[in-house]
Amino acid sequence: MLIKLNTNIKSESFTKLLALCLVIPAYMDFFVSKSPLFQFIGYLSYLIPLGILIVNQQIDLSKKFIIFWAIFSILLIMPSIINLSSGRLESDLINLKGLFSKWILLSALMLFFDTWLKKYQSSQWHRLLYYLFLFMLPMIAIIFLKVFAEVYECPRELLHPKCRANPYGVGAFITSELFLLFGLLCLALKHHTLKVVLIGLSFIALTFLLARTALFGLFIACSFYIFLPMLFNYKKRMMIPFILACLILSFYIFNFLIDHTFIGNDFSTFSKRLHMWQLGLETIKAYPWFGIGFDVTPNYYSFFKDHGDKTIHNMFIRIATENGLPLLLLIVITLILTIIRLFQSKDYFAIAVFLSVIIFHSFSTRHISINLMNIIFYIIIMKSFYVSRIKN
């Protein structure tokens, strides 16, 4: 009975199934196992929506998307294959298995959403966000309690770097990314009181996790989501002084946080990130066309064992370092076109999420990832190119 209901791409049950398939990998990561095998099993749920479309002959791919995805795939995969025979010492670190696994799973989702975005109603997008929120809520509640318990049990003072929580053995970075996504999804809720409470709890969780970038990303998202409609709907002469006042107030608040909270503590980690950015930029200059291969740290074997950071904390520098400038150029052009289309359509939620994720990944270790927050990010990018069809 459930299969029959889910064969219709516009049905409510199919939307629920889609949301569930997207959330399953996160549950596997936190509550089952963090081993690559179990993570891969969890991500196999990404194949289910496309499989249903193929079985029921509902697949409807656009030529433009196929061309774009073919170019993207070549620029993503070929540099690593070319670098295998480069003779460099680090070429043995190229992770082809991980690259092809991510590409297959990501391709399945993107091919599915190319069909879904051409056939769905605008209300289905809101329903999908709502079901993602519902399916994430139990997990977020459990993890929040676990984070609170770990911080409370720490013998040191509150918000001390040594008291950073790692719930269920999952690092603070991945956990903060999950809470950032949950806070972003809460922006789409219609119940304003519930929205404020849950976003507030997300801020508290990110504070306990000492997640500075995620905190800033969520703050930027909330700010744009609140103030952008005012900027478009009210007279600009009234809004400009208001915006200037907010910027000045934000500047003083930021300085206060730097001086008196964990946000300004331990800036030595930032200097290590600057070193990795510099190393990445030097690698891009040396290998601009094909990079050095997927999942390869530049000059890896020259690091000392006590080096605090061996990963480039910037998605864009990392992509250019590992895959070359052509892939980065394609991504940057796509992002620029996306933000233009989002502002044209006045999709405030999408703008808030888009800018928040961009800021977060400017300081994160992610590449072209298939975690849940990135998948929502990719869907928003694709959705921006289907707005005119939806309106028609």
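Residue positions are given per chain, counting from 1 as you read along its sequence in written order. Note on the predicted model: pLDDT of at least 70 is required for a residue's local features to be given, and 80 or more for side-chain atom pairs to be given and counted; whole-chain, interface and lining totals, by contrast, use all residues. Values shown for side chains rest on all heavy atoms present in the structure; no hydrogens or waters enter the calculation.

Q: For this particular structure, what's the right way to read the packing of aromatic side chains?
A: Aromatic ring pairs are described here by two measures, namely the spacing of the ring centres and the angle between the planes. Any Phe, Tyr or Trp ring, taking Trp's six-membered ring, that has another such ring centre within 6.5 Å forms a pair; planes under 30 degrees apart are called stacked, those over 60 apart edge-to-face, and the others tilted. Scanning the entire structure with this criterion turns up 18 aromatic pairs. Each ring, one from W277 and one from F363, has its centre 5.8 Å from the other, and the planes form 50°; the classification is tilted. Here the residue W277 occupies a position in helix 12 (residues 268-286), and F363 occupies one in the loop between helix 15 (348-361) and helix 16 (372-384), the gap between them amounting to 86 residues. Take W277: its relative accessible area is 15%, and that puts it in the buried class. Labels follow the DSSP assignment, with helices taken as runs of H or I lasting at least four residues and strands as runs of E lasting at least two, numbered in each case from the N terminus. Partly exposed residues are those whose accessible area sits between 20% and 50% of the maximum for their type, while under 20% is buried and over 50% is exposed, using a 1.4 Å probe and protein chains only.

Q: Would you take a moment to explain empty space enclosed by the protein for this structure?
A: Think of a 1 Å grid over just the protein atoms. A cavity is a set of points where a 1.4 Å probe fits yet cannot get out, a pocket is an open set with protein on both sides within 12 Å along at least five of seven lines, and lining residues have an atom within 4 Å of a point. Grid points are joined across faces, edges and corners, and a volume is the space filled by probe spheres set on the points. A complete count under the given rule lists one cavity of 30 Å³ or more for this structure. Roughly 40 Å³ of internal volume is contained in the largest cavity. We call Asp, Glu, Lys and Arg charged. Ala, Val, Leu, Ile, Met, Phe, Trp, Tyr, Cys and Pro are nonpolar, and the rest, Gly among them, are polar. Here the residues of the lining of the largest cavity are counted per class, giving six nonpolar, no polar and one charged.

Q: Whenever I open this one, the pattern of salt bridges confuses me. Can you help?
A: Pairs may arise between side chains of opposite charge once their charged atoms sit close together. For this analysis, a salt bridge means a side-chain nitrogen from Lys or Arg found within 4 Å of a carboxyl oxygen belonging to Asp or Glu. Tallied over the full model, the rule gives seven salt bridges. One salt bridge connects D295 with R318, and the closest N-O pair in it is separated by 3.1 Å. Of this pair, D295 sits in the loop between helix 12 and helix 13 (315-323) while R318 sits in helix 13, and the two are 23 residues apart along the sequence. For D295, a relative accessible area of 35% gives the class partly exposed. Residue classification places R318 among the buried residues on the basis of a relative accessible area of 10%. We note a salt bridge from R318 to E322, for which the minimum N-O separation is 2.7 Å. Linking R318 with E322, this pair stays in helix 13, spanning four residues, or about one helical turn. For the pair shown, R318 and E322 are each scored as buried. In this structure, a network of salt bridges that share partners links the residues D60, D114 and K118.

Q: Could you clarify how one ought to interpret the packing of helix 8 (residues 172-186) against helix 9 (residues 192-208) in this entry?
A: A packed helix pair is summarised by two numbers, namely the angle formed by the two axes and the spacing between the axes. At their nearest, the axes of helix 8 and helix 9 sit 9 Å apart, and the two run at 165° to each other. Taken as axis vectors, helix 8 and helix 9 run roughly antiparallel relative to one another. Where helix 8 crosses over helix 9, the handedness of that crossing is left-handed. Seen from helix 8, the contacting residues are S176, F179, L180, F182, G183 and C186; seen from helix 9, they are K195, L198, I199, S202, A205 and L206. A breakdown of the residues in the contact of helix 8 with helix 9 according to their chemical character gives eight nonpolar, three polar and one charged. Here the axes come from fitting lines to C-alpha atoms, over the contacting stretch only for helices, and the angles between their N-to-C directions go from 0 to 180 degrees. Between 65 and 115 degrees an angle is taken as roughly perpendicular, under 35 as roughly parallel, over 145 as roughly antiparallel, and anywhere else as oblique. Two helices that cross are described as forming a left-handed crossing if the nearer one is turned anticlockwise from the farther one by less than a right angle, and a right-handed crossing if clockwise. In what follows, residue pairs with any heavy atoms lying within 4.5 Å of each other are defined as contacts.

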